Amino acid sequence: MLRYNKILGFQKSSSRRPTLHGLLKLSQCGYSKLNSDDVTHFKSILSKPEISVVEDQDDIASYNSDWWNLMRGKSQMVLRPSSTEEVSQVLKYCNSRHLPVVPQGGNTGLVGGSVPLNDEIIISLNRMNQIIGFDSSFSIVKTQAGVVLQRLIDYLQPFGYMPPVDLGARGSCQIGGNLATNAGGIKLLKYNSLHANTIGLKVVLPDGTILDDMRALRKDNTGYHLKHLFIGSEGTLGIITETAILCPKISAASNVALFALNSFDHVQEVLTASKEFLSENLTAIEYFDKECNLIMKDNTKIFNPLGYAHNYYLLIEISNFDDTSDVETNTKAIEQKFFKFFEQVSDYVQDGVIAQDKFQFNSIWELRERIVEGFVSQGLAFTYDFSLPIDKFPAFVERMSDRLGNHARTGGYGHIGDGNIHVQASIKGHDDLELYQKLETKLEPWVFDLVEEFEGSISAEHGIGSFKSPELHRNKSDEMIKTMGQMKQIFDPNRILNPNKLFQ
Amino acid sequence: MKVLVGVKRVLDYSIKVRPNAAKTAVDLKGAKIMNPFCEIAVEEAIQMKEKKKAKEVIAVSIGDKTAAETIRAALAMGADRGIHVLTNQRIDSDLQPLAVAKIFKHVFEENKTDLVLLGKQSIDDDANQTGQILAAMLDVPQATFASEIEFADDGDLIVTREIDAGLQKVKISVPSVITCDLRLNQPRFAKIPDIIKAKRKKIQTLKLEKLDIDTEPRAKTIKVDNPEVREGGVMVDNVDDLMSKLREDKII
């Protein structure tokens, strides 16, 4: 996280909301203000109050700002409970006092969902970082919600397993937050979503009720699968405190290739061919365009071994799952697969490289994973995460690029196999806030209209948070939004949990 | 100029290295790669070819049949042909720098070489001896830990060496031996078409036992073990506690 803050250093002086729609009329809903009696109470119900009740403004600052460093909450207090019971006590009290709260995991969210919009109390899960255990017979890992994803990856590695989800923020994001946002990431193509892989969880409702679904049996059809309501609920229905997740085995061997192409028709041909010929062995397929490649060249030290002349790039990862063979045999098998595949698609691919060792493997992945940082270093950046028909990817980016004219550099990249594109545009003029605001009015809500025109989703994986709550109606019918509202009313009648997120 | 490049097949450094069950040697099971310093040597040789300073680049490796794959990787990077000295001796421990230097001397003489580029050391034994011994045996100049190689007008090479005190520039004539250090260059990725082309390049196989070279190890490994596990620290509540703990553990 510290590294990201350094890159975004120039944005620290900005105190405005990132979007017009972000300037929400915060319905005060009869909320109370934090007083000294409340503080005393919290100190009495939380263990080690000297570290679990944070009041110092310098310490609170990082909890109050989002990853983009564009949002500035005004929370006066961060609570750091160490158990589900403590979370329950805190919420019960806040509910009775009508004190609004924001649950926070790793604070790596990109849609303004994990920081206060006003002075809500922040409930951080970062002390609840115990890994409970791994059951190798069903390959289910049980953890507290505050476990950082990288730690979970490291914990499972000696067992030969891995979490089903993986994303660039792995060094900071927490598994509870991943569940609360139904995080997608680079492994979704092969290993499916967190809905498919979450076997159980423990969640605390706004009134303090603890719902314990952690027996985590592989099969258990006994009543409504309530846990799915909370996965992707973005901290508006309950606070997840424990998780039980199904973990896939780490592949016997894997390798990655980078392909350079010049026509998007060819990109689609390779995409189709990869699903057809690589099928079970295909573990990731990612995409980025020329502008993204140039952004990386201009702003990072990560270089593209295929150069900077082509229009499109595909990163294809193949894995071998044959544990009866040794690593060397499997590595060779993968290389053979790549060669055979390359022969199949040689009409479409201009050039390609295969990683020869772990260092090159990581370099190729870095080229794709750090594009978001590249755009942010280039200048104040608009960032969007959409689902679109794959054949419309370049057309969409072109329309957005035209809209912004000569004032920004626009590029598209992302999980092309899932139909998920990330579009980013960095303003020319680096930190020219006025230009940013001017362009913002040009982009929103126009860009969401464009998504509707292309029949996509306004948020593929990043979620709604506070940035996109005015746009929810574009992908969900009135009936669905009304029903969601009814659920919210059932679970959180006092609307204390993450107010003004997801819904307006 | 004809350039000989040594390439060694080693365990991937990103894998956790383990001793074997008997604790007599390293467990060699796992992904293998070209020694990173050898990779840098190959890259330098290819760049010399691209600058038209080298006419032919020959990749040389010693080991069992899997060593040929490392030679293929060098061919994919741009080497012209390969020489594989076949042996079942363990190349990470039994086949030691003295023996390797003798083998390279043989290949050098058989191929009328002008320049030998080696990695400064391999990441399995970290010996950092082969280049130096070879130069002495051949009675040719050596420049080790090269971070830059330039060509003088008179045909000599100007090599910048990374040494403890900083950087040192030496001028050496050819034939000579240069060992390559980390900052010399950034090895290229192998392009897929080049990997496929490399399959058609020639690798000459020589059987080590037929070469009449004494390759007996001069040093014997007695034991290989994991480093001691670091024990966790102990939290103390105040200075008095700290002092008594330090006295207890006989630290003070």
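Calculation criteria
- Residues numbered from 1 in each chain as written.
- Chains lettered and ligands numbered in written order.
- Predicted model: local features only at pLDDT ≥ 70, side-chain atom pairs only at ≥ 80, totals over all residues.
- Heavy atoms only, no water.
- UniProt positions renumbered as here; feature names shortened; annotations may be inferred.
- Helix = DSSP H or I, 4+ residues; strand = E, 2+ residues; numbered from the N terminus.
- Buried < 20%, exposed > 50% of the residue type's maximum accessible area, 1.4 Å probe, protein only.
- Contact = heavy atoms within 4.5 Å.
- Areas by Shrake-Rupley, 256 points an atom, 1.4 Å probe, with all protein chains shown as cover.
- Lys, Arg positive; Asp, Glu negative; His and termini not counted.
- Charge placed at Lys NZ, Arg CZ, Asp CG, Glu CD.
- Buried area = accessible area lost by both parts, 1.4 Å probe.
- Salt bridge = Lys/Arg side-chain N within 4 Å of Asp/Glu carboxyl O.
- Nonpolar A, V, L, I, M, F, W, Y, C, P; charged D, E, K, R; others polar.
- Pairing = 2+ DSSP bridges.
- Axes fitted to C-alpha atoms, helices over the stretch in contact; angles between N-to-C directions.
- Parallel < 35°, antiparallel > 145°, perpendicular 65-115°, else oblique.
- Left-handed = near helix turned anticlockwise from the far one by under 90°.
- pLDDT = per-residue confidence, 0-100.
- Expected span 1.5 Å × (residues − 1).
- 1 Å grid on protein atoms, 1.4 Å probe; cavity = no way out; pocket = protein on both sides within 12 Å on 5 of 7 lines; lining within 4 Å.
- Points joined across faces, edges and corners; volume = space filled by probe spheres on them.
- Domains from an automatic or database assignment.
- Phe/Tyr/Trp six-rings, centres within 6.5 Å; stacked < 30°, edge-to-face > 60°.
- Lys NZ or Arg CZ within 6 Å of the ring centre and 35° of its normal.

For chain B, the name recorded in an unreviewed UniProt entry is Electron transfer flavoprotein subunit beta, with Euplotes crassus as its organism. Check the Sequence similarities (unreviewed entry) section of the UniProt entry for chain B; it says "Belongs to the ETF beta-subunit/FixA family."

Under the annotation held in an unreviewed UniProt entry, chain A carries the name FAD-binding PCMH-type domain-containing protein and is attributed to Euplotes crassus. Its UniProt record gives chain A the following Cofactor (unreviewed entry) comment, quoted word for word: "FAD". UniProt's Sequence similarities (unreviewed entry) comment on chain A is quoted here verbatim: "Belongs to the FAD-binding oxidoreductase/transferase type 4 family."

> Sorry if this is basic, but what is going on with the overall build of chain A here?
On a plain count of helices and strands, chain A comes out with 19 helices and 16 strands. Dimensions of chain A, computed from C-alpha atoms along their principal axes, come out at roughly 70 × 55 × 45 Å. Burial statistics for chain A: of 504 residues in total, 57% are counted as buried. Sequence separation of 24 or more characterises 75% of the internal contacts of chain A that already satisfy a separation of 6 or more. Accessible surface, chain A: about 20,400 Å² in total, of which carbon and sulfur atoms supply 49%. Chain A carries 50 positive and 61 negative side-chain charges, and their two centres are separated by 3 Å.

> Got a minute to help me understand the overall build of chain B in this structure?
Assigned secondary structure in chain B consists of six helices and 11 strands. Overall size of chain B, expressed as C-alpha extent along the three principal axes, is 75 × 40 × 40 Å. The contacts in chain B between residues at least 6 apart in sequence include a share of 69% that link residues at least 24 apart. By element, 50% of the accessible surface of chain B is carried by carbon and sulfur atoms, the whole surface being about 13,800 Å². A gap of 7 Å separates the mean positions of the 41 positive and 40 negative side-chain charges of chain B.

> Explanation requested: the interface of chain A and chain B in the structure shown.
The interface of chain A with chain B comprises 21 residues on the first partner and 21 residues on the second. When chain A packs against chain B, close to 1,900 Å² is buried across both sides, 65% of that on carbon and sulfur atoms. At the boundary of chain A and chain B, one finds four salt bridges. Note that E328 of chain A is salt-bridged to K32 of chain B, the shortest N-O span being 3.0 Å. Counting only elements with at least two residues in the side of chain A that touches chain B, the list comes to α13 (327–344), β13 (351–354) and α14 (358–369) of chain A. If one sorts the elements of the side of chain A that touches chain B by residue count, α13 of chain A sits on top with six residues. For the side of chain A that touches chain B, the class distribution of residues is 11 nonpolar, five polar and five charged.

> Looking at this structure, I do not really get the sheet that holds strand β4 (residues 121–124) of chain A. What am I missing?
By definition, the strands of a sheet pair up through backbone hydrogen bonds, in either a parallel or an antiparallel sense. Residues and elements named next belong to chain A. Pairing is mixed across the open sheet formed by four strands, whose spatial order is β1-β2-β4-β3. For this open sheet the edge positions go to β1 (53–54) and β3 (101–104), each flanked by a neighbour on one side alone. Inspection of the sheet shows β3 paired to β4 by four bridges, in the parallel sense. When the bridges of β4 are listed, P103 appears paired with I123. Contacting β1, β2 (78–79), β3 and β4, helix α4 (residues 57–64) runs over the sheet at an angle of about 75° to β4. Helix α5 (residues 84–97) rests against β2, β3 and β4 of the sheet, and its axis sits at about 165° to β4.

> Hey, could you run me through the packing of helix α2 (residues 36–45) of chain A against α5 of chain A in this one?
Each pair of packed helices can be described by the angle between their axes along with the distance between the axes. Residues and elements named next belong to chain A. As a packed pair, α2 and α5 sit with axes 10 Å apart at the nearest point and diverge in direction by 160°. When the axes of α2 and α5 are compared, the pair comes out roughly antiparallel. With respect to the hand of their crossing, α2 and α5 are arranged in right-handed fashion. Together, D37, D38, H41, F42 and I45 of α2 and E86, Q89, V90, Y93, C94 and R97 of α5 make up the contact between the two elements.

> Can you help me understand the pairing of β4 of chain A in this one?
The two faces of the sheet receive side chains in turn, since in a regular strand these alternate between them. Residue and element names in this part refer to chain A. Residues I121 and I123 line one face of β4 and the alternating positions I122 and S124 line the opposite face, and both faces are buried. With two bridges connecting them, β2 and β4 associate as parallel partners. Opposite L79, over in β4, you have I123 as the bridge partner.

> Where do I start with the confidence of the model for chain B in this structure?
The predicted coordinates ought not to be read in detail in places where the model reports low pLDDT. Counting all residues, the mean pLDDT for chain B is 94, and 100% of those residues have values of 70 or more. Listed scores for the predicted complex are pTM 0.85 and ipTM 0.78.

> Explain the UniProt feature "domain: Electron transfer flavoprotein alpha/beta-subunit N-terminal" (unreviewed entry) in chain B here, please?
On the UniProt side, "domain: Electron transfer flavoprotein alpha/beta-subunit N-terminal" (unreviewed entry) is annotated at positions that read residues 23–215 of chain B here. Counted over residues 23–215 of chain B, helix gives 29% and strand 29%. Its end C-alpha atoms are 24 Å apart.

> Help me out: how do you make sense of helix α1 (residues 36–50) of chain B in this one?
Quick reminder: α-helices carry 3.6 residues per turn. Residues three or four places apart thus point the same way. Residue and element names in this part refer to chain B. An ideal rise of 1.5 Å per residue puts 21 Å on 15 residues; α1 measures up with 21 Å between its terminal C-alpha atoms. Considered for burial, the residues of α1 that qualify are P36, F37, C38, E39, I40, A41, V42, E43, E44, A45, I46 and M48. The positive-phi residue at the C-terminal boundary of α1 is K52, with phi of around 65°.

> Looking at this structure, how should I read the layout of surface pockets?
One simple way to see leftover space: roll a probe sized like a water molecule over the atoms. All names here are of chain A. Its boundaries defined by the atoms lining it, the second largest pocket holds a volume of some 800 Å³. In terms of lining, the second largest pocket is formed by 35 residues, of which the most central are N182, I231, G232, E234 and K476. Listed by contribution, the elements that provide at least two residues to the lining of the second largest pocket are α10 (227–230) and α19 (478–491). If one sorts the elements of the lining of the second largest pocket by residue count, α19 sits on top with three residues. Along the lines of polarity and charge, the residues of the lining of the second largest pocket split into 13 nonpolar, 17 polar and five charged. Both domain 1 (1–13 + 252–462) and domain 3 (131–246) contribute no fewer than three residues apiece to the lining of the second largest pocket.

> Before we go on, may I ask you to explain the packing of aromatic side chains in this structure?
To describe a pair of aromatic rings, one takes the distance between the centres and the angle between the planes. Residues and elements named next belong to chain A. Taken as a whole and assessed by the stated rule, the structure comprises 22 aromatic pairs over all chains. Here the aromatic rings of F396 and F454 are separated by 5.5 Å at their centres, their planes lie at 90°, and the arrangement is edge-to-face. In this pair, F396 sits in helix α16 (residues 393–404) while F454 sits in the loop between α18 (446–453) and α19, placing the two residues 58 residues apart along the sequence. As far as burial versus exposure is concerned, F396 and F454 are alike and both buried. Joined through ring pairs, the aromatic side chains of Y384, F386, F396, F448 and F454 make up one cluster. A cation over an aromatic ring shows up here: K358 above the ring of F361, its NZ or CZ 4.4 Å from the ring centre.

> It is not clear to me how the sheet that holds strand β8 (residues 210–213) of chain A should be interpreted in this structure. Could you clarify?
Residues and elements named next belong to chain A. Taken in spatial order, the five strands make up an open sheet running β5-β6-β9-β7-β8, and their pairing is antiparallel. Taken across any chain shown, the strands that pair with only one partner, and hence form the sheet edges, are β5 (131–135) and β8. With direction set aside, neighbouring strand axes in the sheet form an average angle of 10°. With four bridges connecting them, β5 and strand β6 (residues 140–144) associate as antiparallel partners. Bridge pairing in β6 links D135 to I140. Here helix α6 (residues 149–156) sits on the sheet and contacts β5 and β6; the angle it forms with β5, its principal contact strand, is near 40°.

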